Amino acid sequence: MDYENKLVLAPMVRVGTLPLRLLAAEYGADITYGEEIIDHKMVKCERKLNEHIGSVDFVEKGTENVVFRTCNEERNRVVFQIGTSDAVRALAAAQLVCKDVAAVDINMGCPKAFSVSGGMGAALLSKPDLIHDILTTLRRNLDTPVTCKIRLLKSSQDTVELARRIEKTGVSALAVHGRKVADRPRDPAKWAEIADVVASISIPVIANGDVFEYDDFERIRVATGASSVMVARGALWNATVFSPHGKLPWEDVKRAYVRKSILWDNDLKSTKHTLKEMIMHHSCLEYPEGKAVIKSESLADLALLYEQEKYFEFVTRNRFLVNGNG
C-alpha cells in the first residue's frame, strides 16, 4: 500500500459503506476507508461470498445482518477500520478480514460517546501503552499494512510525542485529524499542528480537516507537508470533490449514489442516512424530497423517488448476469 500523494476517503459511520466507497473511487479517490466497525461485532461474524451480487460479506452468525461488505473491485484500496480497546480482540477482528482489504486501521480519533465510553476511539489517546500494545500486536501477526487515525492532543508537543510512539510500533502510515476532541466540526482545523507531526516523524502522514474543494487537497498538502490528504464531509456532500475536472451537480451525484446502493443491495438505513446527510447540507429535510427519503421503506421506494426505476428493475432482473460488475 503506497501512501504517497494519495487522495483518501475518510472513515464515516453509517456513511462509508460500499456504495460511497466505490463512488468516491470512481471520481478519483485512491484509498477508501470503511466506516468504523467495533471489534466485538466483527468477531461474531463469518465470511460469506455473496454470489447474488458479487460481494464478500461478513455476516453476524445466526443472522442475516451484514456487518461489513466489500468486493474484489476495491480490494487494493479499501481500509478496514476497527473500533477497539483490546489488542487480542482487535487482532481477532483483523484476521477475519485482512485477506480481503488493502490495510487495517485502528480508530483513535472518534470523540462520540459510544466510542469513548467503551474505551475506544479518542479514549485511546490518553492510553499510549494500550495504543502500543494494540498496534504492535497487529503488526507482529498480520502481513496486511496497519495504520491508525488520531486527533490532536491538548498541546502540539503532546501530539508529536504520541506520533513518535506510534511510529515506533512499525505502522505504515498515520492519519491526523487537525482538531482536538473537544473541537466541533465548525471549528477550523489546525493545519499547523499537523505540520508539526509531519516534521517530527518519517512515516507518511495523512492530513485530515477542512477539505471541501479539489484545490484544498493541494492547499493542505503544502501547508502541512503531509504525504496524503483525507476528506470526510466534503466527500459526503459531493463525492466528486476527488475529481480534478471539477464537481458535478450534487443532484447527479445523489442519483449515482442511489444506483450504487441498488447495485450492491446496500443497507436501507445506511442509504437513507447518507441521502439525508446530503440533503441537510444542500437543502432541507422538511422539503418534499427529504420527507420522501424519511418515509422510504425500501430501495425500490428510493429508486422511484430518484427516477431510477428502470435501473432498479434491470439490476433485480439480471442479478446473476450483472454480478456486481455494472
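In the block above lies the structure referred to throughout.
Residues numbered from 1 in each chain as written. Predicted model: local features only at pLDDT ≥ 70, side-chain atom pairs only at ≥ 80, totals over all residues. Heavy atoms only, no water.

Visitor: I'm lost on the overall build of the protein chain in this one. Help?
Guide: A tally of helices and strands in the protein chain yields 15 helices and 12 strands. Taking 20 Å as the expected radius of gyration for a compact globule of 326 residues, we find that the protein chain reaches 19 Å, a close match to that expectation. Based on the C-alpha atoms only, the size of the protein chain along its principal axes is roughly 55 × 40 × 35 Å. Taken across its 326 residues, the protein chain has 56% of its residues classed as buried. Contacts in the protein chain between residues far apart in sequence, at least 24 positions, make up 65% of those at least 6 positions apart. Total accessible area computed for the protein chain in this model is approximately 14400 Å², and 49% of it derives from carbon and sulfur atoms. (Helix = DSSP H or I, 4+ residues; strand = E, 2+ residues; numbered from the N terminus. Rg over C-alpha atoms; globule rule 2.2 N^0.38 Å. Buried < 20%, exposed > 50% of the residue type's maximum accessible area, 1.4 Å probe, protein only. Contact = heavy atoms within 4.5 Å. Areas by Shrake-Rupley, 256 points an atom, 1.4 Å probe, with all protein chains shown as cover.)

Visitor: How do you make sense of a positive patch on the surface when you look at a structure like this?
Guide: On the surface, Arg14, Lys112, Arg184 and Arg186 cluster together into a positively charged patch. Tracing the backbone shows Arg184 in the loop between strand S10 (173-180) and helix H7 (191-200). (Patch = residues over 30% accessible without salt bridge, like charges linked within 9 Å, V, L, I, M, F, W, Y side chains within 5 Å. Salt bridge = Lys/Arg side-chain N within 4 Å of Asp/Glu carboxyl O. Lys, Arg positive; Asp, Glu negative; His and termini not counted. Charge placed at Lys NZ, Arg CZ, Asp CG, Glu CD.)

Visitor: Explanation requested: the pattern of salt bridges in the structure shown.
Guide: It is possible for side chains of opposite charge to pair when their charged atoms get near one another. Enumeration over the complete set of coordinates arrives at 19 salt bridges. Between Glu26 and Lys260 there is a salt bridge whose closest N-O contact spans 2.6 Å. You can see Glu26 sitting in helix H1 (residues 18-27) and its partner Lys260 sitting in helix H10 (residues 250-263), a full 234 residues away along the chain. Given a relative accessible area of 13%, Lys260 falls into the buried group. Through salt bridges that share partners, Glu251, Lys254, Arg255, Glu289 and Glu307 make up one connected network.

Visitor: Please explain the state of the cysteines as it appears in this structure.
Guide: Should the sulfur atoms of two cysteines be covalently bonded, the bond is a disulfide. For the structure shown, the criterion picks out 0 disulfides. Distance from the sulfur of Cys45, which forms no disulfide, to the nearest cysteine sulfur (Cys98) is 15 Å. (Disulfide = S-S within 2.5 Å.)

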